[in-house]
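Close look at the chain arrangement
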Amino acid sequence: MGIQNLLWQVAKKSFTGSIIGLTISDRCCSVVPVRGDSMSPTFNPQKNSYLDDYVLVDKFCLKDYKFARGDVVVFGSPTHYRDRYIKRIVGMPGEWISSSRDVIRVPEGHCWVEGDNKTSSLDSRTFGPIPLGLIQGRVTRVVWPPQRLGKIS
Amino acid sequence: MNAMRVLSYMKQWRGTAKEAFAHVSIVAKFLCLLHVTDRYIISSTHVQGPSMLPTLNLTGDVILTEHLSHRFGRIGLGDVVLVRSPRDPKRMVTKRILGLEGHRLTFAADPVVGDSSVSVVVPKGHVWIQGDNLYASTDSRHFGPVPYNLIEGKALLRVWPPECFGSLR
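Owing to the predicted nature of the structure, the values given are computational and were not obtained by experimental measurement.

1. Topic: the UniProt feature "active site" (unreviewed entry) in chain B
All names here are of chain B. The residues that UniProt annotates with the feature "active site" (unreviewed entry) are Ser-51 and Lys-95. Spatially, the listed residues are clustered: although they cover 45 residues, their C-alpha atoms lie within 7.9 Å of one another. Its place among the elements puts Ser-51 in the loop between β1 (42-47) and β2 (61-66). In this structure, Ser-51 is in contact with Thr-94, Lys-95, Gly-131, Asp-132, Asn-133, Ala-136 and Ser-137, ignoring residues within four places of it in sequence. A distance of 3.1 Å separates the side chain of Ser-51 from the side chain of Lys-95, its partner in a polar contact. Inspection of the secondary structure assignment puts Lys-95 in strand β4 (residues 92-99). If we ignore the near neighbours within four places in the chain, the residues touching Lys-95 are Ser-51, Met-52, Asp-79, Val-80, Val-81, Ile-129, Gln-130, Gly-131, Ser-137, Thr-138 and Asp-139.

2. Concerning the interface of chain B and chain A
If you look at the interface, chain B gives 23 residues, while chain A gives 25 residues. Counting each side, the surface lost to burial between chain B and chain A is near 2000 Å², with a carbon and sulfur contribution of 64%. Together, His-35, Pro-89 and Asn-149 of chain B form the three largest contributors to the area buried by chain B at its contact with chain A, with a combined 25%. A salt bridge links Asp-26 of chain A to Arg-39 of chain B; its shortest N-O distance comes to 3.8 Å. In this structure, the connection of chain B to chain A is made through nine residue pairs in polar contact (both at pLDDT 80 or more). Considering each element in turn, the side of chain B that touches chain A owes the most residues, seven residues, to helix α1 (residues 2-41) of chain B. Of the residues that constitute the side of chain B that touches chain A, the class distribution is 10 nonpolar, six polar and seven charged.

3. Digging into a nonpolar patch on the surface
Residue and element names in this part refer to chain A. A contiguous nonpolar patch, built from Val-31, Tyr-50, Leu-51, Tyr-54 and Trp-144 and spanning about 590 Å² of accessible area, is present on the exposed surface. Inspection of the secondary structure puts Val-31 in strand β1 (residues 29-33). A relative accessible area of 46% means that Val-31 is categorised as partly exposed.

4. Digging into the nonpolar core
The biggest cluster of nonpolar side chains holds 27 residues, and the ones touching the most others in it are Phe-67, Phe-75, Ile-89 and Ile-135 of chain A together with Val-83, Ile-129 and Ile-151 of chain B. Those elements that place two or more of their residues in this core are β3 (72-76), β4 (84-91) and β7 (110-114) of chain A together with β3 (80-84), β4 and β7 (126-130) of chain B. Those residues in contact with Ile-129 of chain B that sit more than four places away from it in its chain are Val-81, Val-83, Lys-95, Arg-96, Ile-97, Asp-139, Ser-140, Phe-143 and Val-146 of chain B. One finds Val-34, Val-55, Val-139 and Ile-152 of chain A within the second-largest nonpolar core, a separate group that totals 12 residues.

5. A few points about the UniProt feature "active site" (unreviewed entry) in chain A
Residue and element names in this part refer to chain A. Mapped onto the present numbering, the UniProt feature "active site" (unreviewed entry) falls at Ser-38 and Lys-87. Spatially, the listed residues are clustered: although they cover 50 residues, their C-alpha atoms lie within 8.0 Å of one another. Among the annotated residues just listed, those lining the second largest pocket are Ser-38 and Lys-87. Relative to the helices and strands, Ser-38 is located in the loop between β1 and β2 (54-58). Apart from residues lying up to four places away in sequence, Ser-38 is in contact with Ile-86, Lys-87, Gly-115, Asp-116, Asn-117, Ser-120 and Ser-121. One polar contact links Ser-38 to Lys-87, side chain to side chain, over a distance of 3.3 Å. Mapped onto the elements of the fold, Lys-87 is located in strand β4.

6. Considering α1 of chain B
With 40 residues, α1 of chain B should reach 58 Å at 1.5 Å per residue; the first-to-last C-alpha distance of 57 Å fits that figure. All of the buried residues along α1 of chain B are Cys-32, His-35, Val-36 and Tyr-40 of chain B.

7. Here's the deal with the pairing of β3 of chain B
Every regular strand shows the same layout, with side chains that alternate between the two sheet faces. All names here are of chain B. Of all five residues in β3, five are buried, a share of seventy percent or more. By the alternation rule, side chains of β3 split into Val-80, Leu-82 and Arg-84 and Val-81 and Val-83, which are all buried. Pairing between β3 and β4: five bridges, direction antiparallel. Note that in β4 the partner of Arg-84 across the bridge is Met-92. When β3 meets strand β9 (residues 151-160), the two strands line up antiparallel, connected through three bridges. When the sheet's bridge partners are listed, Val-81 is paired in β9 with Lys-154.

8. A few points about the pattern of salt bridges
This model, assessed by the stated rule, comprises 14 salt bridges over all chains. The salt bridge partner of Arg-88 of chain A is Asp-116 of chain A, with a shortest N-O separation of 3.0 Å. Taken together, the residues Arg-88 of chain A in strand β4 and Asp-116 of chain A in the loop between β7 and α2 (124-127) connect sequence positions 28 residues apart. For Arg-88 of chain A, a relative accessible area of 15% corresponds to the buried category. For Arg-96 of chain B, the salt bridge goes to Asp-132 of chain B, with nearest N and O atoms at 3.0 Å. Linking Arg-96 of chain B in strand β4 with Asp-132 of chain B in the loop between β7 and α2 (140-143), this pair joins segments that are 36 residues apart in sequence. Owing to a relative accessible area of 25%, Asp-132 of chain B belongs among the partly exposed residues under this scheme. When salt bridges with common partners are traced through the structure, they connect Asp-58, Asp-71 and Arg-138 of chain A into a single cluster.

Rules of the game
- Residues numbered from 1 in each chain as written.
- Chains lettered and ligands numbered in written order.
- Predicted model: local features only at pLDDT ≥ 70, side-chain atom pairs only at ≥ 80, totals over all residues.
- Heavy atoms only, no water.
- UniProt positions renumbered as here; feature names shortened; annotations may be inferred.
- Helix = DSSP H or I, 4+ residues; strand = E, 2+ residues; numbered from the N terminus.
- Contact = heavy atoms within 4.5 Å.
- Polar contact = N/O pair within 3.5 Å; in protein donor to acceptor, adjacent residues only side chain to side chain.
- Buried area = accessible area lost by both parts, 1.4 Å probe.
- Salt bridge = Lys/Arg side-chain N within 4 Å of Asp/Glu carboxyl O.
- Nonpolar A, V, L, I, M, F, W, Y, C, P; charged D, E, K, R; others polar.
- Patch = residues over 30% accessible without salt bridge, like charges linked within 9 Å, V, L, I, M, F, W, Y side chains within 5 Å.
- Areas by Shrake-Rupley, 256 points an atom, 1.4 Å probe, with all protein chains shown as cover.
- Buried < 20%, exposed > 50% of the residue type's maximum accessible area, 1.4 Å probe, protein only.
- Core = buried A, V, L, I, M, F, W, Y, C linked by side-chain atoms within 4.5 Å.
- 1 Å grid on protein atoms, 1.4 Å probe; cavity = no way out; pocket = protein on both sides within 12 Å on 5 of 7 lines; lining within 4 Å.
- Expected span 1.5 Å × (residues − 1).
- Pairing = 2+ DSSP bridges.

Below, the structure written as structure tokens:
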């Protein structure tokens, strides 16, 4: 009887905790790891280090989808629906971007994203401008590892 | 004497604060539960506009949308889905899926004027969405295939107006 009661209590607590956690991570901020070296000088500066950077993602910007050039954003991949990428916004709607092939205009409601490490980054140079609706948050600071804690430029 | 009185006040205040905190936390938990249900399981949406005639009324219907199947990639041909508009991220549009990745489809370039047609192949990770009303719908024929990740839900049921209650197929 005692064990059952305990299990029930634990289940209740973890359920409450998870819904509160989900709400906070959807509405205000969440922490996500950065994989790969496509943003290399900004995140994961050392190559082949097994310690990934963890970054704080601000979700308040999703209320009005206002972004500026230079913001680092998390967005759902336009080609693989399970993946998420972290890149820097380089072009806003209506601006002209010179990609490798030609100069194109970023269409309405889209933006042009590129990684800081141009040599190994899968970004708008491959899949074109992405809709702003794919953006899931703006990266504001690095939170882990502690010696790299700080705001990003 | 004075100290005793202060102590008793403190005790009283503490009791009230505890009670208030308990009430607030119940409300907060309830709001969190609402948010999670609305975002991850099921929610109601008010849709209006001419683009989905005759499936959905012009004047506005309330439909129930579920948010589970698109997370597991279980969106199929013919589903009515809620999609974040690629042109304006603040708007949601309701359309029908007419093509999945890799499908080749042909559509009339302009249904009003002639019968010239355009043929496209839906690229990887994208879907082709179109309104049921060919003549008054802004959809993939204008902005091209949309990324799968823009899908936010799948329409299940129409709940309002009550005489049209039922599944959306």
